[in-house]
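Okay, here's what each chain looks like letter by letter:
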Amino acid sequence: MAVCEDKEQDPRIQLIASSIRVVPDFPKKGIMFQDITTLLLDPKAFKDTVDLFVERYTGNGISVVAGVEARGFIFGPPIALAIGAKFIPLRKPRKLPGEVISENYVLEYGTDCLQMHVGAVQPGERALVVDDLVATGGTLCAAISLLERAGAEVVECACVIELPELKGREKLNGKPLYILMESH
């Protein structure tokens, strides 16, 4: 794991990076899976991860934190609570009761869909999208599109890890992306 240059001085980043396990050939051959479950086993590393995001977003007028299923559900709620925002789960199909809006997208190894409850976001609300990792950018693009279709202003996307060789950042059409570390 490479620590981003502007964060090299923060010792918390090194702890976070060292707590993430890489699992080769999961979920299929050729994928180097970034396993954040080992980060969750270390209370200090987990707290440091949340704290770094909270420090960045406190006082920025964000009223919505949208977490992408499933690992965005781990980091999103504590960030939302700490900055005084509501949390909106962006879920896979048929997981939300009631009326939903949907966005289909392409993954690095297939296709998928995100859904959100109709009325979860009000026009003009400032939103932050949270996930554990950005790879090809498809999931984040779908999340941005879903929120913007509902009238939200997506301020930024926040991920623990970026896989820069997959160029997901480039697919975000200039939307800011904040990450804690890169994996090569």
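No experiment lies behind these values; they were computed from the predicted model shown. (Residues numbered from 1 in each chain as written. Predicted model: local features only at pLDDT ≥ 70, side-chain atom pairs only at ≥ 80, totals over all residues. Heavy atoms only, no water.)

Chemist: Any chance you could break down the pairing of strand β10 (residues 177-182) for me, citing the residues and the numbers?
Modeler: Of all the six residues making up β10, five are buried; the element is thus mostly covered by neighbouring parts of the structure. Across five bridges, strand β9 (residues 153-162) lies against β10 in parallel orientation. Pairing of glutamate 162 across the sheet is with glutamate 182, part of β10. (Buried < 20%, exposed > 50% of the residue type's maximum accessible area, 1.4 Å probe, protein only. Helix = DSSP H or I, 4+ residues; strand = E, 2+ residues; numbered from the N terminus. Pairing = 2+ DSSP bridges.)

Chemist: So what's going on with helix α4 (residues 72-83)? Residues and values would help.
Modeler: In an α-helix there are 3.6 residues to a turn, and that puts residues three or four apart on one side. A rise of 1.5 Å per residue sets the reference length of α4, with its twelve residues, at 16 Å; its end C-alpha atoms lie 16 Å apart and thus fit the reference within 8%. Looking at α4, one finds that the buried residues are Gly72, Phe75, Gly76, Ile79, Ala80 and Ile83. Angular distribution of buried residues about the axis of α4 spans 125 degrees; they occupy a single face of the element. Packed against the buried residues of α4 are α2 (37-40), α3 (43-57), β4 (64-68), β5 (86-90), β8 (126-134) and β9. The first or second residue beyond α4 is glycine 84, which carries a positive phi of 75 degrees. (Expected span 1.5 Å × (residues − 1). Arc of directions from axis to C-beta. Contact = heavy atoms within 4.5 Å.)

Chemist: Give a detailed account of the nonpolar core, specifying residues and quantitative values.
Modeler: Counting 30 residues, the largest nonpolar core has Val65, Ile79, Val160 and Leu180 as the members making the most contacts within it. At the level of elements, α1 (11-18), α3, α4, β8, β9 and β10 are the ones that each hand at least two residues to this core. Grouped together as the second largest cluster of nonpolar side chains are 28 residues, Met116, Leu140, Leu146 and Cys159 included. (Core = buried A, V, L, I, M, F, W, Y, C linked by side-chain atoms within 4.5 Å.)

Chemist: Give me the packing of aromatic side chains: which residues, what numbers.
Modeler: Applying the stated criterion across every chain, the model contains five aromatic pairs. Residues phenylalanine 53 and tyrosine 178 carry aromatic rings whose centres are separated by 6.0 Å and whose planes lie at 75 degrees to one another, so their mutual orientation is edge-to-face. With phenylalanine 53 in helix α3 and tyrosine 178 in strand β10, the pair connects residues that are 125 residues apart, well separated along the chain. Each member of the pair, phenylalanine 53 as well as tyrosine 178, is classed as buried. (Phe/Tyr/Trp six-rings, centres within 6.5 Å; stacked < 30°, edge-to-face > 60°.)

Chemist: Give a detailed account of the pairing of β9, specifying residues and quantitative values.
Modeler: In terms of burial, β9 is largely enclosed, as eight of its ten residues are buried. Direction of pairing for β8 relative to β9: parallel, over a ladder of eight bridges. When the bridges of β9 are listed, valine 129 appears paired with cysteine 157.

Chemist: Please give an account of the environment of valine 106 that cites residues and values.
Modeler: Along the chain, the position of valine 106 falls in strand β6 (residues 100-107). Note on valine 106: relative accessible area 56%, which makes it exposed. Spatially, the C-alpha atom of valine 106 lies 29 Å from that of isoleucine 16, the residues being 90 residues apart in sequence. Contacts of valine 106, omitting those with residues within four sequence positions, involve Thr111, Thr136 and Gly138.

Chemist: Tell me about unusual backbone geometry, and name the residues and values.
Modeler: Here the bond from phenylalanine 26 into proline 27 is cis, since omega is 5 degrees, no more than 30 degrees from zero. Tracing the backbone shows proline 27 in the loop between β2 (21-24) and β3 (32-35). The linkage connecting glutamate 69 with the following residue, alanine 70, adopts the cis geometry, with an omega of 0 degrees. Non-glycine residue lysine 167 carries a positive phi angle of around 60 degrees. Looking at the element boundaries, lysine 167 is found in the loop between β9 and β10.

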